[in-house]
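In case you want the letters, here they are:
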Amino acid sequence: MSEKKTSGWLATIKDLRVLLVIVLVIIALAAIFVPMGDRGDSMTNLQFGLDLDGGSWIQLEFQAEVVTIGAGADVNDVAAKMGEALDCTVVPIDQYHLEVQTKATEEELRAAVTAAGATFISYENGVGTTTAETVKRILESKVNSLGTNDVKVNTLTNPNGVAQYVRVEMAGVDMQTAQEIVGKQGLFEIRIVTTGNETAHVLYGDSVASVQNPTQNPAGSNNWGVGFNLNNDGAKALQQACIQYGATTNPQAHNLNMYLDGVEVYSAPLSNDLAIQIATHTVNSLYAGTGSGEEGHQQAQELEIHLRAGALPVQVEIAGSGSTSAALGEYFKIVCLIAGIAALAAVAVMVYLRYRVAEIVLPMIATNMAEIIILLGIAVFIQQLDIAAIAALIAVLGTGIDQLVIITDEVVHEGKVPSPTLYLKRLTRALAIIMTSAATVIIAMFPLIVMDLSTLKGFAIISILGILIGVLITRPAYGKIVMDIMAK
Amino acid sequence: MELPRYDINKYDPKRMMLIPFLIFLVAAAIVGFTFVNTGMPVTPGIDFAGGTAVTIHTTDTKEQIQAFYTGYPLTSIDEGVGSAGYYIKFGPMSNEEMMKFNEETIAKYPDASIDQIGASFGATLQSQALIALLFAFIGMAVVVFIAFRKLVPAATVVFAGIADITITAGVMNVLGIELSLATTAALLMLIGYSVDSNILLTSKVLKRQGKLTDKMAGAFHTGFIMTTTTLAAIVAMLVVALIGQVPTLYNIAAVLVIGLICDMIFTWAFNAGVLRLYMEKEEGKKQPANNKPKIKGTKS
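Residues numbered from 1 in each chain as written. Chains lettered and ligands numbered in written order. Predicted model: local features only at pLDDT ≥ 70, side-chain atom pairs only at ≥ 80, totals over all residues. Heavy atoms only, no water.

Caption draft 1: Region of the structure containing the overall build of chain A. Scanning chain A for helices and strands turns up 15 helices and 15 strands. Each principal axis of the C-alpha distribution contributes one length, and for chain A these read about 100 × 55 × 40 Å. Here chain A, with 488 residues, has 54% of them falling under the buried criterion. Taking as baseline every contact in chain A between residues at least 6 positions apart, the subset at least 24 positions apart corresponds to 70%. About 21600 Å² of surface is accessible on chain A, with carbon and sulfur atoms providing 57% of the total. Charge centroids of chain A, computed over 28 positive and 46 negative side chains, lie 18 Å from each other. (Helix = DSSP H or I, 4+ residues; strand = E, 2+ residues; numbered from the N terminus. Buried < 20%, exposed > 50% of the residue type's maximum accessible area, 1.4 Å probe, protein only. Contact = heavy atoms within 4.5 Å. Areas by Shrake-Rupley, 256 points an atom, 1.4 Å probe, with all protein chains shown as cover. Lys, Arg positive; Asp, Glu negative; His and termini not counted. Charge placed at Lys NZ, Arg CZ, Asp CG, Glu CD.)

Caption draft 2: Molecular detail of the packing of aromatic side chains. Residue and element names in this part refer to chain B. Counted according to the given criterion, the structure contains 17 aromatic pairs over all chains. Ring centres of phenylalanine 21 and phenylalanine 24 lie 6.0 Å apart, and the angle between their planes is 45°; this geometry places the pair in the tilted category. In this pair, phenylalanine 21 and phenylalanine 24 both sit in helix α1 (residues 13-38), 3 residues apart, roughly one turn of the helix. Phenylalanine 21 sits in the partly exposed class, given a relative accessible area of 32%. Judged by relative accessible area, which is 13%, phenylalanine 24 ranks as buried. (Phe/Tyr/Trp six-rings, centres within 6.5 Å; stacked < 30°, edge-to-face > 60°.)

Caption draft 3: Inspection of the UniProt feature "transmembrane region" (unreviewed entry) in chain A at higher detail. All names here are of chain A. Feature annotation in UniProt assigns "transmembrane region" (unreviewed entry) to the following positions: residues 16-36, 331-353, 360-381, 387-407, 427-450 and 456-478. Taken end to end, residues 16-36 is 86% helix and 0% strand, and its first and last C-alpha atoms sit 30 Å apart. Taken end to end, residues 331-353 is 100% helix and 0% strand, and its first and last C-alpha atoms sit 33 Å apart. (UniProt positions renumbered as here; feature names shortened; annotations may be inferred.)

Caption draft 4: Representation of the confidence of the model for chain A in the model. All names here are of chain A. Of all residues in chain A, 92% attain a pLDDT of 70 or more, and the chain-wide mean is 83. Within chain A, strand β2 (residues 65-69) carries the highest mean pLDDT (91), whereas helix α1 (residues 7-14) carries the lowest (63). Across residues 1-6, confidence stays below pLDDT 50; counting only partners more than four residues off in sequence or on other chains, it has 8 contacts. (pLDDT = per-residue confidence, 0-100.)

Caption draft 5: Here's a closer look at the interface of chain A and chain B. Opposite the 65 residues of chain A that make contact, chain B presents 71 residues. Between chain A and chain B, the buried area comes to about 5600 Å², and carbon and sulfur atoms account for 71% of it. Here chain A and chain B share 0 salt bridges between them. If you look at where chain A meets chain B, you find 11 residue pairs in polar contact (both at pLDDT 80 or more). Counting only elements with at least two residues in the side of chain A that touches chain B, the list comes to β1 (55-62), β7 (163-171), α7 (175-183), β15 (316-324), α11 (326-355), α13 (387-411), α14 (420-451) and α15 (456-487) of chain A. (Buried area = accessible area lost by both parts, 1.4 Å probe. Salt bridge = Lys/Arg side-chain N within 4 Å of Asp/Glu carboxyl O. Polar contact = N/O pair within 3.5 Å; in protein donor to acceptor, adjacent residues only side chain to side chain.)

Caption draft 6: Local environment of the sheet that holds strand β10 (residues 208-216) of chain A. Residue and element names in this part refer to chain A. Reading across from one edge, β10-β11-β14 is the order of the 3 strands in this open sheet, with antiparallel pairing throughout. Both outer strands of the open sheet, β10 and β14 (285-292), are each paired with one neighbouring strand and no more. Pairwise comparison of adjacent strand axes, ignoring direction, gives a mean angle of 20° for this sheet. Two elements, β10 and strand β11 (residues 223-230), share 6 bridges in a ladder whose sense is antiparallel. (Pairing = 2+ DSSP bridges. Axes fitted to C-alpha atoms, helices over the stretch in contact; angles between N-to-C directions.)

Caption draft 7: Main features of helix α5 (residues 119-148) of chain B. Here α5 of chain B spans 43 Å end to end across 30 residues, near enough to the 44 Å set by a 1.5 Å rise per residue. The first or second residue beyond α5 of chain B is arginine 149 of chain B, which carries a positive phi of 55°. (Expected span 1.5 Å × (residues − 1).)

Caption draft 8: Inspection of the UniProt feature "transmembrane region" (unreviewed entry) in chain B at higher detail. Under the present numbering, the feature "transmembrane region" (unreviewed entry) in UniProt falls on residues 16-36, 129-148, 155-175, 181-201, 222-243 and 249-278 of chain B. Secondary structure across residues 129-148 of chain B divides into 100% helix and 0% strand, with the first and last C-alpha atoms of the span separated by 29 Å.

Caption draft 9: Here's a closer look at the UniProt feature "domain: SSD" (unreviewed entry) in chain B. Per the UniProt record, "domain: SSD" (unreviewed entry) is found at residues 154-277 of chain B. Taken end to end, residues 154-277 of chain B has its terminal C-alpha atoms 14 Å apart, with 91% of it in helix and 0% in strand.

Following this line, the structure appears as structure tokens:
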């Protein structure tokens, strides 16, 4: 809003509504342009989506099912029996839900549940939240081992708490590299301390048959650790090594060390119980304690990932993927910027053709721009801009101008502004129309936010935000400005 | 700005309603036909049907690209208007085929953008998009009914919204614009847009004092400027995106442009026609109704 030296203008600016817009625009500009955090060589703090910044995304589908059973059955018992019947790991999620860690048909699941003595109610493709979180952590640790890249891993969980997909987004990485990273497995090895700093090989990750989620042992003690199972060969190798190097008689001197890709990730002696046990027979089921409290819990989570050596607890298949090169992203960015400027210019021309008076046209365009700037300022913190979000931004620009037209026409009748009371009545009427149509757009867009249909979420968030900013902040201010202008 | 010489009060309301309604019927037939064939109201693109899309910028000709991709299930090549950009689509491929495809494409066109969606993921997206569309309509209807609380005007606004989306979907089928995540978003946006001008018209006619013809003309005046201004913004976006060959952007823009044009027809012909008939009837009812209290008044 251009400043003129008349007292009328000063009064207008001092109006709370107008002042709020000016302050917000300044804050938004600061949020966009003042350097903060790590923004690379970008000129702004705006976050862009992969289609504008360059990078790859891969969406993986869990090859697993979540089964709902009827009340009355012991869920642990059912899980064990189903696991045998289906020849896979079955984990109880809660009293009524079980996670079957393989792809199965409804008939197979129904038969397994019935055979285990429970009633089959329904099933859904996907995994429970615990497994989804584990997968997320594993993928994050894999991708982060790459170093500086900007990575996002999101599980897509439906309202029932079942996650069917996990989506990995890697900025600045091409598709082939992305697929390699996600598919890559590390080399896990257990070695035993022989004398001093010397160690000897015991077994590799292929001997680890299964790994559990972190648990407390004993339950509720806040002492954390990870249980894991060795196959028979692995158990035999461990027993031989322990006996050979004397870990059964003097465990404290012969730690078991775990390595991932040659880096030590865990080291602890056998417990006294285990040392006695292992001297006489092989032990398949082991538990690696990591300590107490939050720290112990975190270490247990990390150890779980290491034990899996980057392998996911559930099989996954690539459901979709996409990549944009940095150069193409840069080009798209420029086109989007031009499209935005062209849209703003088109709006300005149309408004000018209609109203012809600078006193109306300038505030209108200024209000519209203020709306976009505030919107971008908020987006810095909550939403990355992809191409769909830019389209939403331009659409917001369109609806914004729509509603300013409604206000202008309602308030300014034949070029005259009525008395303040009548004016207020008209402004309220205009805002009522605007509120109704804003409410419909928000309602129409809302399902997209909840459903998390990848790129559409950004579109919906930008649309809704833009409308809210317009309705609550910029349009009331515009109403005030127009009144003051026309009063003169 | 010169307004077009459309006098909203001049034409017979029934005729005003008839033409848009016929367009709606034709569109509904097209959409129904597509639905029977594809399971979606508009021919689904790779987002919903599964498949692969590649965006490249190259000086190669269409024929050269076609030759390069022999052996792959190439379905179409779209050209940009002036930027040597291509948008190439492929049918479903196996995982191994896909790996090879990625490798070869990146080797030949290092700056290519490749998107692929598996058939089952596409099916998930499809059902979610349909649910989103359904919820959006229900939500819109609820808001409109709460706002107007009168059956005929509210139902008309809701119907105008449905008709707007249906006709837009029909035109998309005719023009060959596929239903993608982006165009679904645009259709949802249209639900909001289409009620915009309808709400303006209905509010002005129902909630204001004054002569019906004045209110109609006033609403049309505002509404027409309003929609054409939005249209100007979106057309600008469409032109830039078409020249620059940014598919997501021009698809969204194209759908919005079609929808806004449908919206103008439906608001200012169909809805205006219904409202005129409705108001004339209401006026007719009011006459005797207004007399009653007067009679009572003389009694007391």
